[in-house]
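This is what each chain is made of:
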Amino acid sequence: MAVAAWSLPTGGSRLAAGILLGVWLAAGATLLLHDAFYTRLDVAGAQQISPEALAEASGIHGLHIFWVDPEGAAAAVRRRFPTLQEVAVRCRWPAFCTLFVVEGRAPWEWVSGDLRVFLDAEGRAVAEGPTGAERRLEVHGLPPLAPGQWVDRGLWGRMQALARAFPEITVFRYEPGKGFSFQDPLGWQVDLGEFGSMEARAAVWRALRERLAAQGQHPTDLDLRVPEAPAVGFRKPERTP
């Protein structure tokens with residue numbers, strides 16, 4: 001039996017392989033070097049934060065699409081701007097990416113004189129990012145906070161307790177040695193002190209304001225620094241001549 005074998009000449013095989021290799025190299029060079037494959041990043045949803053700052057934080061603008069990690073880029077933006085509520089990066093071929101953000105409200109605004117910063121959920125000062133704050137603390141007698149600095153851990157814990165005990169109050173005052181205070185919506189000042197149970201103080205405050213309102217009385221101040229012995233102040237009647 002005769003078997004016929006057909007094959008390209010050796011020279012033809014080398015030529016074909018060389019052509020195929022050349023095509024692969026050209027395709028690879030196109031993918032690696034062509035401008036179309038370097039990321040162009042758009043930013044959507046930014047209001048208070050500049051789009052340029054967000055793009056810089058992501059680290060992917062101008063990066064080759066092969067090296068873009070959308071989840072890693074979103075995590076980097078969230079670390080840089082911790083008060084953002086939502087961050088996502090989505091990419092489409094060949095190298096178009098969009099950074100979507102939803103700016104949130106910070107838990108606290110720290111006001112010291114004419115200077116103010118926002119505090120994130122861990123008590124760290126941030127200069128930009130939030131569209132506002134849930135509540136404000138007007139601080140007297142402490143140096144201003146710079147972005148990146150942390151509130152004293154003990155004070156931060158007492159602020160958290162204050163927010164839980166008085167959710168309806170959004171503006172507080174703080175001074176070392178005197179503690180916290182706020183203006184009742186009915187117009188009188190409430191002094192809380194600094195240490196001890198804020199829940200107990202809140203319970204006394206609610207009970208007293210309800211009783212005073214029922215009696216038609218209008219105090220000027222309420223001292224709850226010792227919640228077991230609250231002191232209510234009234235304006236002294238004017239003397240008639």
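Residues numbered from 1 in each chain as written. Predicted model: local features only at pLDDT ≥ 70, side-chain atom pairs only at ≥ 80, totals over all residues. Heavy atoms only, no water.

Q: Quick rundown of helix H4 (residues 153-165)? Include the residues and the values.
A: Compared with the 18 Å implied by 1.5 Å per residue over 13 residues, the 19 Å span of H4 between its first and last C-alpha is a close match. Those residues of H4 that sit buried are Leu155, Trp156, Met159, Ala161, Leu162, Ala163 and Ala165. The backbone nitrogen of Gly154 has a side-chain oxygen 3.1 Å away, supplied by the residue at the start of H4, namely Asp152. (Helix = DSSP H or I, 4+ residues; strand = E, 2+ residues; numbered from the N terminus. Expected span 1.5 Å × (residues − 1). Buried < 20%, exposed > 50% of the residue type's maximum accessible area, 1.4 Å probe, protein only. Polar contact = N/O pair within 3.5 Å; in protein donor to acceptor, adjacent residues only side chain to side chain.)

Q: With reference to specific residues and values, describe the packing of H4 against helix H5 (residues 198-215).
A: Interhelical geometry of H4 versus H5 gives an angle of 30 degrees and a closest axis separation of 9 Å. Viewed along their axes, H4 and H5 adopt a mutual orientation that is roughly parallel. Both H4 and H5 take part in a crossing whose hand is right-handed. Facing Ala161, Leu162 and Ala165 of H4, the residues of H5 in contact are Met198, Glu199, Ala202 and Arg206. Among the residues making up the contact of H4 with H5, the classes are represented as 5 nonpolar, no polar and 2 charged. (Axes fitted to C-alpha atoms, helices over the stretch in contact; angles between N-to-C directions. Parallel < 35°, antiparallel > 145°, perpendicular 65-115°, else oblique. Left-handed = near helix turned anticlockwise from the far one by under 90°. Contact = heavy atoms within 4.5 Å. Nonpolar A, V, L, I, M, F, W, Y, C, P; charged D, E, K, R; others polar.)

Q: A description of the sheet that holds strand S9 (residues 179-183) should follow, citing residues and the corresponding values.
A: Within the open sheet, the 9 strands sit side by side as S6-S5-S4-S7-S8-S9-S10-S11-S12. Their pairing is mixed. Each edge of the sheet is formed by a strand with only one pairing partner; in this case those strands are strand S6 (125-126) and strand S12 (231-233). Sheet topology places S9 next to strand S10 (residues 189-193); 4 bridges connect them, and they run antiparallel. Bridging from a neighbouring strand, Gln183 pairs with Gln189 of S10. Its contacts with the sheet place H4 against strand S4 (106-112), strand S5 (115-119), strand S7 (133-139), strand S8 (171-175), S9 and S10, and it is angled at close to 120 degrees to S4. Contacting S9, S10, strand S11 (221-223) and S12, H5 runs over the sheet at an angle of about 155 degrees to S10. (Pairing = 2+ DSSP bridges.)

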